[in-house]
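Chain by chain, the residues:
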Amino acid sequence: MVDASITPIDRGTITADSNNIVEGFSLGSAADPNPETVMADGPVYNVVIDHPEATILWDTGSHPDAADGHWPEELYAAFEHSGLRPLEDDLADAGYDVDDVDAVIQTHLHLDHAGGLYAFEGTDVPIYVHERELKYAYYSAKTDAGDEAYVAGDFDRDLNWKIVHGDREQHFADLEFVRLPGHTPGLLGLVLELEDAGTVVLAGDQAYTRANYHDERPMGGQLLWSKRHWLESLRTVQEIERRRDATVICGHDGDDLETLRGL
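Residues numbered from 1 in each chain as written. Predicted model: local features only at pLDDT ≥ 70, side-chain atom pairs only at ≥ 80, totals over all residues. Heavy atoms only, no water.

(A) Focus on the pairing of strand β9 (residues 175-179). Counted residue by residue, β9 has 5 buried out of 5 residues, so it is predominantly covered. On β9, burial covers both faces: Leu 175, Phe 177 and Arg 179 on one face and Glu 176 and Val 178 on the other are all buried. For strand β8 (residues 168-172) and β9, the ladder comprises 4 bridges, and the chain directions are antiparallel. For Glu 169, the partnering residue across the bridge sits in β9 and is Phe 177. Linking β8 back to β9 in an antiparallel pair, the connection comprises 2 residues, with Asp 174 at a positive phi of about 60 degrees. (Buried < 20%, exposed > 50% of the residue type's maximum accessible area, 1.4 Å probe, protein only. Helix = DSSP H or I, 4+ residues; strand = E, 2+ residues; numbered from the N terminus. Pairing = 2+ DSSP bridges.)

(B) The arrangement of the nonpolar core in detail. One finds Val 201 and Tyr 213 to be the most contacted residues of the largest nonpolar core, which totals 33 residues. Of all the elements in the fold, those that place two or more residues in this core are β1 (5-17), α2 (73-78), β11 (198-204), α6 (210-213), α7 (227-244) and β12 (247-250). Looking at this core element by element, the count peaks at 4 residues for α7. Excluding residues that lie within four positions of it along the chain, Val 201 makes contacts with Leu 190, Val 191, Val 237, Ile 240, Ala 246, Thr 247, Val 248 and Ile 249. (Core = buried A, V, L, I, M, F, W, Y, C linked by side-chain atoms within 4.5 Å. Contact = heavy atoms within 4.5 Å.)

(C) The arrangement of the UniProt feature "domain: Metallo-beta-lactamase" (unreviewed entry) in the protein chain in detail. As annotated in UniProt, the feature "domain: Metallo-beta-lactamase" (unreviewed entry) corresponds to residues 43-252 in the numbering used here. As annotated, residues 43-252 comprises 24% helix and 28% strand, and the C-alpha atoms at either end are separated by 5 Å. (UniProt positions renumbered as here; feature names shortened; annotations may be inferred.)

(D) The arrangement of the packing of aromatic side chains in detail. As enumerated under the stated definition, the model contains 7 aromatic pairs in all. Here the aromatic rings of Tyr 136 and Tyr 150 are separated by 5.8 Å at their centres, their planes lie at 85 degrees, and the arrangement is edge-to-face. Taken together, the positions of Tyr 136 in helix α4 (residues 131-142) and Tyr 150 in the loop between α4 and α5 (152-155) put the pair 14 residues apart, joining distant regions of the chain. Considered together, Tyr 136 and Tyr 150 belong to a single accessibility category, that of buried residues. (Phe/Tyr/Trp six-rings, centres within 6.5 Å; stacked < 30°, edge-to-face > 60°.)

(E) Molecular detail of the pattern of salt bridges. Enumeration according to the criterion identifies 17 salt bridges in this entry. Between Arg 11 and Asp 90 there is a salt bridge; the shortest N-O distance is 2.6 Å. One end of the pair, Arg 11, is in strand β1; the other, Asp 90, is in helix α3 (residues 87-93), with 79 residues separating them in the sequence. The buried category is assigned to Asp 90, whose relative accessible area is 7%. With its nearest N and O atoms 3.6 Å apart, the salt bridge here joins Glu 176 to Arg 168. Its relative accessible area of 41% is what places Arg 168 among the partly exposed residues. The network of salt bridges with common partners includes Arg 11, Arg 85, Asp 90 and Asp 93. (Salt bridge = Lys/Arg side-chain N within 4 Å of Asp/Glu carboxyl O.)

What follows is the structure, given as structure tokens:
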């Protein structure tokens, strides 16, 4: 157990069709062939981990110009992001400066998670990312294949990449990186062993909301690189929760964000 604290950083709200968030959320039937579209709000947040070995930033959120052309127009229309601000401003509101950050952990490089990397361009701050994620992000952003949710302008920069190669690695005491493929090929979850709060799993977008995790309902097809891998990763997180009596925090769930604030 490590004497570390965790501070959520509010980065705004994404609004999207619930069918993107939970597969088959609103299905038509003979009686109701055209069900009403249900839009869902989800918080975007980063986390500062004050660890004895480093001040660590978990994810960097969306680019502040996402609504002004940094994101492709059709993606912004599908996943509208309100409350956009520079990473520096949101960190400042929580009492931190970009210069306080000693290391960054990128769960993955989708546009709502990697958009603040500009703040670390040209610095020696290590940016931890999984090998599979970095390769797939470049493949997606630089070719016509892959996943359209990667924006080259987020990560194709002069950054001090620290590549995670394994399925489980530890680079800081009582802080374990766990690869959870499914949403993307190289999504990284984080398992923290905290003195005060016990085991905390930051699952990231392995589970967008509680319905994905507790009800085992996958995200919509556009949000999954591989449903088979997603199910396997779900079992991995459930096993950690069961064995270590862990608190699991989902990537965009408002209630989970409140839980995180109370730890």
